[in-house]
Amino acid sequence: MGKTALITGITGQDGSYLAELLLGMGYRVVGMTRRTSTDVHERIRHIVEDVEFVSGDLLDQTSMTKIVADTKPDEVYNLAAQSFVPASWMQPVLTGEFTALGVTRVLEAVRAVDPKIRFYQASSSEMFGKVAEVPQREETPFYPRSPYGVAKVYGHWITVNYRESYDMFAVSGILFNHESPRRGKEFVTRKISDGVARIKLGLARELRLGNLDAQRDWGFAGDYVRAMWLMLQQERPEDYVIATGRTHSVREFCRIAFETAGLGSYEEYVKVDPRFIRPAEVDLLIGDPGKAKRVLNWAPEVSFEQLVQMMVEADIDRIRATLPTGS
Ligand code: NAP
Ligand code: G4F
């Protein structure tokens with residue numbers, strides 16, 4: 001018998017790549033989705049027949065506990081969250097309910113049904129915020145700079161607390177930014193690749209962005225979900241930083257993206273718009289993936305340059321396919 005995995009947030013970027021990975025390894029994959037009046041399966045359309053769907057919500061303890069009891073998973077991956085940082089200033093209470101208390105609800109469900117179920121929490125480099133050291137490691141103190149970051153710190157510590165209080169196999173992956181052609185269009189990398197594609201195909205003339213000097217340690221989502229799985233296969237539950245160890249600015253992302261599309265200098269098209277500047281910024285993130293390399297034998301396979309090219313080419317192909325033939 002193969003293992004069963006329950007994934008919350010299966011309709012998101014990471015959920016889609018993780019489901020693919022686990023199905024490929026023979027897992028029975030159960031995906032939790034919340035009820036919506038429209039179809040949210042865009043990212044998992046190609047595997048929708050292979051996944052079992054259950055309806056639940058991080059806000060609802062009863063549904064969480066019933067889902068864990070009914071599906072009897074060996075592993076639970078808690079990827080669901082309100083994950084867009086600017087939205088967390090607009091909806092700070094809701095962000096706390098989803099992204100902080102939601103973690104406790106899933107942990108409570110696991111504890112009540114079977115504390116031996118292995119649990120993965122999607123923690124974030126946003127917890128490091130105004131960074132205390134460079135690069136950031138598992139021991140680096142947290143200094144979050146947004147309601148989202150604060151909520152993730154809660155999610156991280158409640159995971160550690162359940163591990164220590166109830167001897168559960170509960171681990172927290174502190175993942176640095178990871179991107180792909182399936183990234184939501186509100187995040188800066190996808191906003192750039194989509195914007196570049198629109199300019200290339202004559203559908204737009206400019207791209208409006210915020211802080212071009214912000215620096216992130218960007219990797220490919222497909223590489224990062226492998227690390228999530230590896231963390232749950234270890235003998236001991238421990239937390240890991242997952243990152244490439246290299247950082248790049250938004251400006252550099254723009255430069256490579258416009259060059260990939262053959263549009264020349266990004267400076268001709270990119271305009272800084274104060275609407276996209278944040279109330280408090282995380283200026284620099286760079287992770288130290290040393291422990292993940294040593295213990296998990298994990299390393300990213302896709303470089304920054306390959307990632308930018310992959311995203312720009314995918315958006316050009318996707319948008320071109322929607323245009324009348326010959327455009
Ligand atoms: P994403 O694309 O925004 O996906 C979020 C998922 O959460 C979606 O499936 C969404 O469902 C679901 N969700 C939101 N609120 C929910 C609720 N109340 N109940 C049930 N499901 C709910 O995020 P992602 O990029 O895949 O990231 C996955 C996780 O990793 C998130 O927790 C994120 O905070 C964390 N993380 C991401 C990164 C990164 O760079 N991508 C880095 C560090 C940590 P709908 O489809 O219904 O909206
Ligand atoms: O792409 P972003 O919105 O991602 P951010 O805020 O780093 O958060 C993402 O990564 C986290 C891991 O560190 C996750 F936990 C979180 O869920 C999410 O996936 O912004 C990246 C940087 C920021 O410094 C922002 O100020 O890009 C800068 N930026 C500049 N112009 C912009 C824009 N960001 C967005 N979204 N839109 C802009 O126009």
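Residues numbered from 1 in each chain as written. Chains lettered and ligands numbered in written order. Predicted model: local features only at pLDDT ≥ 70, side-chain atom pairs only at ≥ 80, totals over all residues. Heavy atoms only, no water.

*Asks:* Is there a simple way to think about the pattern of salt bridges in this case?
*Replies:* Once the charged atoms of two side chains with opposite charge are near each other, the side chains can pair. If you walk through the whole model with that rule in mind, you get 27 salt bridges. As a salt-bridge pair, R137 and E139 come within 3.3 Å of each other at their nearest N and O atoms. The exposed category is assigned to E139, whose relative accessible area is 55%. Residue D315 is joined to R190 by a salt bridge in which the shortest nitrogen-to-oxygen separation is 2.8 Å. (Salt bridge = Lys/Arg side-chain N within 4 Å of Asp/Glu carboxyl O. Buried < 20%, exposed > 50% of the residue type's maximum accessible area, 1.4 Å probe, protein only.)

*Asks:* Just checking my understanding: could you explain the site of ligand 1 for this structure?
*Replies:* Surrounding ligand 1, one finds 24 residues, the nearest of these being T11, D14, R34, S83 and Y148. A distance of 2.8 Å separates an oxygen atom of ligand 1 from a polar atom in the side chain of R34. Note that a nitrogen atom of ligand 1 is positioned 3.2 Å from one of the side-chain N or O atoms of R183. Expressed as a share of its isolated accessible area of 900 Å², the protein-covered part of ligand 1 is 90%. For the shell around ligand 1, the secondary-structure elements that each account for two or more residues are helix 1 (13–24), strand 5 (118–124) and helix 5 (147–166). For the shell around ligand 1, the element with the most residues is strand 5, which contributes 3 residues. Here the residues of the shell around ligand 1 sort into 10 nonpolar, 9 polar and 5 charged. (Near = heavy atom within 4 Å. Polar contact = N/O pair within 3.5 Å; in protein donor to acceptor, adjacent residues only side chain to side chain. Areas by Shrake-Rupley, 256 points an atom, 1.4 Å probe, with all protein chains shown as cover. Helix = DSSP H or I, 4+ residues; strand = E, 2+ residues; numbered from the N terminus. Nonpolar A, V, L, I, M, F, W, Y, C, P; charged D, E, K, R; others polar.)

*Asks:* Before we go on, may I ask you to explain the site of ligand 2 in this structure?
*Replies:* Ligand 2 sits among 24 residues. The nearest are S124, S125, Y148, R278 and E281. One of the side-chain nitrogen or oxygen atoms of E126 is found 3.3 Å away from an oxygen atom of ligand 2. One of the backbone N or O atoms of V188 is found 2.9 Å from an oxygen atom in ligand 2. Compared with its free state, where it exposes 720 Å², ligand 2 has 95% of that area covered by protein. For the shell around ligand 2, the two domains that each supply at least three residues are domain 1 (4–178 + 219–242) and domain 2 (184–216 + 247–283 + 303–320). (Domains from an automatic or database assignment.)

*Asks:* Would you explain the nonpolar core in this entry?
*Replies:* Nonpolar side chains in soluble globular proteins tend to be buried together. In this structure, I7, Y77, Y120, I192, M231, I242 and F258 are the most contacted members of the largest nonpolar core, which totals 63 residues. The element best represented in this core is helix 7 (residues 221–232), accounting for 8 residues. Formed jointly, this core draws a minimum of three residues from each of two domains, domain 1 (4–178 + 219–242) and domain 2 (184–216 + 247–283 + 303–320). Once residues lying within four places of it in the same chain are set aside, the contact partners of I7 are G15, L18, A19, L22, V29, V30, G31, M32, Y77 and L79. M64, V68, L107 and M168 belong to the second-largest nonpolar core, a separate cluster that totals 20 residues. (Core = buried A, V, L, I, M, F, W, Y, C linked by side-chain atoms within 4.5 Å. Contact = heavy atoms within 4.5 Å.)

*Asks:* Help me understand the pairing of strand 1 (residues 4–8), please; the structure alone is not making it clear to me.
*Replies:* Successive residues of a regular strand alternate their side chains across the two faces of the sheet. Among the 5 residues of strand 1, 5 are classified as buried, and the element is accordingly described as predominantly covered. Burial of strand 1 is two-sided: the residues T4, L6 and T8 facing one way and the residues A5 and I7 facing the other way are all buried. Sheet analysis places strand 1 next to strand 2 (residues 28–33), joined by 5 bridges and oriented parallel. Looking at the pairing, T4 lines up with R28 of strand 2. In this view, the connection linking strand 1 to its parallel neighbour strand 2 by way of helix 1 has right-handed handedness. As paired strands, strand 1 and strand 4 (residues 75–78) are joined by 4 bridges and run parallel to one another. (Pairing = 2+ DSSP bridges. Right-handed = clockwise from strand over helix to strand, strands pointing away.)

*Asks:* Help me understand helix 4 (residues 92–113), please; the structure alone is not making it clear to me.
*Replies:* Since there are 3.6 residues in each turn of an α-helix, residues three or four apart along the chain are aligned in direction. Taking 1.5 Å per residue, 22 residues should reach 32 Å; helix 4 reaches 31 Å between its end C-alpha atoms and fits that length. In the structure, helix 4 departs most strongly from a straight axis at L101, where the bend amounts to approximately 45°. Buried residues along helix 4 sit in contact with helix 2 (61–71), strand 4, helix 3 (85–90), strand 5, helix 5 and strand 6 (170–175). (Expected span 1.5 Å × (residues − 1). Bend = angle between axes of the 7 residues up to and from the residue.)

*Asks:* In this structure, what is going on with the domain arrangement of the protein chain? I would like to understand it.
*Replies:* Reports of interface size often rely on the accessible area that becomes lost once the parts have come together. By domain assignment, the protein chain separates into domain 1 (4–178 + 219–242) and domain 2 (184–216 + 247–283 + 303–320). The distance between the C-alpha centroids of domain 1 and domain 2 comes to 27 Å. In terms of surface lost to domain 2, no three residues of domain 1 exceed F84, W89 and R145, which account for 44% of the buried area on that side. Taken together, the connections running from domain 1 to domain 2 amount to 1 salt bridge. (Buried area = accessible area lost by both parts, 1.4 Å probe.)

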